[in-house]
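# Structural overview for review
Here is how the chains run, residue by residue.
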Amino acid sequence: MNGLKLLGTVMIIGMLSHACAQEKKEQLPTSENPTENHIIPIKLADSEWRQRLSPEAYYVMREQGTERAFTGTYWDNKAAGTYVCKACDLPLFSSETKFKSGTGWPSFYEPLSKSNVGEEKDTSYGMARTEVHCARCGGHLGHIFPDGPKPTGLRYCINSVSLNFKPKD
């Protein structure tokens with residue numbers, strides 16, 4: 001009899017857990033209103049990316065190119081604000097984590113949210129690096145290096161052409 005009561009209790013808990021999970025699925029945000037923990041990907045045809053982005057931004061963001069050092073808009077920007085993805089406007093980095101690395105690209109020691117920036121191994125050009133991309137649109141942003149300042153020791157080396165800047169109010 002005790003075994004049947006235990007089995008019944010386990011079944012009820014399982015059904016309640018399943019119902020809660022179903023309820024959460026229905027409450028997921030739309031791509032217009034992502035939360036920090038759930039980013040809904042944007043998938044566009046190549047022709048649509050070409051319409052949205054300048055030729056240079058397309059080359060960097062969709063073909064994993066790199067802009068030349070010291071030529072980008074934001075490498076020396078000292079204004080307070082937020083850096084967002086040029087292709088989809090997802091907030092990526094805060095000016096509070098930007099630092100002067102001397103490399104000629106905007107450098108940050110951490111993203112606004114780890115869930116907004118994806119990472120992938122990059123072995124192009126005979127190097128072993130970690131590429132970073134926008135978690136929403138997949139746009140190439142730059143690379144991470146282990147030579148940044150405290151507190152993370154990381155340097156997110158980002159192409160200016162992959163970013164837009166929103167000044168602090």
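Note: the structure precedes this text.
Small disclaimer: the values here were computed from a predicted structure and weren't measured.

This part is about the sheet that holds strand E2 (residues 91–94). An order of E2-E1-E9 is seen for the three strands of this open sheet, with the pairing classed as antiparallel. Two strands lie at the open edges of the sheet, namely E2 and strand E9 (163–167), each paired on one side alone. Strand-to-strand twist across the sheet, computed as the mean angle between neighbouring axes with direction ignored, equals 30 degrees. Strand direction decides the pairing type here: strand E1 (residues 81–85) and E9, joined by five bridges, are antiparallel. Following the sheet pairing, Thr82 is matched in E9 by Lys166.

With that out of the way, let us pick up the side chain of His140. You can see His140 is positioned in strand E7 (residues 140–145). Of the polar contacts made by the side chain of His140, one reaches the backbone oxygen of Gly65; its length is 3.5 Å. Sequence-distant contacts of His140, defined by excluding residues within four places in its chain, comprise Val60, Met61, Gln64, Gly65, Glu131, Val132, His133, Asn159 and Ser162.

Glancing now at the environment of Ile144. The residue Ile144 is located in strand E7 in this model. A sequence separation of 14 residues divides Ile144 from Ile158, and the C-alpha atoms of the two residues are 8.5 Å apart.

The next thing to look at is the pattern of salt bridges. A complete count under the given rule lists five salt bridges for this structure. A salt bridge links Asp89 to Lys166; its shortest N-O distance comes to 2.9 Å. Highlighted residues: Asp89 in the loop between E1 and E2 and Lys166 in strand E9, separated in sequence by 77 residues. Under the relative-accessibility criterion, Asp89 is labelled partly exposed at 37%. Assessed through its relative accessible area of 39%, Lys166 is described here as partly exposed.

Residue Pro151 is bonded to the preceding Lys150 through a cis peptide linkage, with omega at 10 degrees. Looking at the secondary structure, you find Pro151 in the loop between E7 and strand E8 (155–158). For Asp89, which is not a glycine, the phi torsion comes out positive at approximately 70 degrees.

A complete count under the given rule lists zero disulfides for this structure. The thiol sulfur of Cys88 is not disulfide-bonded, and the nearest other cysteine sulfur, from Cys134, lies at 3.5 Å. Free of any disulfide, Cys137 has its nearest neighbouring cysteine sulfur in Cys85, separated by 3.6 Å.

What follows is about the environment of Ala80. Along the chain, Ala80 turns up in the loop between helix H3 (55–63) and E1. Residues Ala80 and Phe165, spaced 85 residues apart in sequence, show a C-alpha to C-alpha distance of 9.4 Å. Excluding anything up to four places from it in sequence, Ala80 contacts Ser95, Phe165, Pro167 and Lys168.

So, on to the nonpolar core. In terms of nonpolar packing, the biggest core is built from 27 residues, with Cys85, Leu92, Phe93, Tyr156 and Ile158 touching the most fellow members. Of all elements in the fold, only H3, E1, E2, strand E6 (129–134), E7, E8 and E9 reach the threshold of two or more residues within this core. If one sorts the elements of this core by residue count, H3 sits on top with four residues. For Cys85, the residues in contact, after removing those within four places along its chain, are Met61, Leu90, Leu92, Cys134, Cys137 and Ser162.

Reading the values: rules and limits
Residues numbered from 1 in each chain as written. Predicted model: local features only at pLDDT ≥ 70, side-chain atom pairs only at ≥ 80, totals over all residues. Heavy atoms only, no water. Pairing = 2+ DSSP bridges. Helix = DSSP H or I, 4+ residues; strand = E, 2+ residues; numbered from the N terminus. Axes fitted to C-alpha atoms, helices over the stretch in contact; angles between N-to-C directions. Polar contact = N/O pair within 3.5 Å; in protein donor to acceptor, adjacent residues only side chain to side chain. Contact = heavy atoms within 4.5 Å. Salt bridge = Lys/Arg side-chain N within 4 Å of Asp/Glu carboxyl O. Buried < 20%, exposed > 50% of the residue type's maximum accessible area, 1.4 Å probe, protein only. Disulfide = S-S within 2.5 Å. Core = buried A, V, L, I, M, F, W, Y, C linked by side-chain atoms within 4.5 Å.

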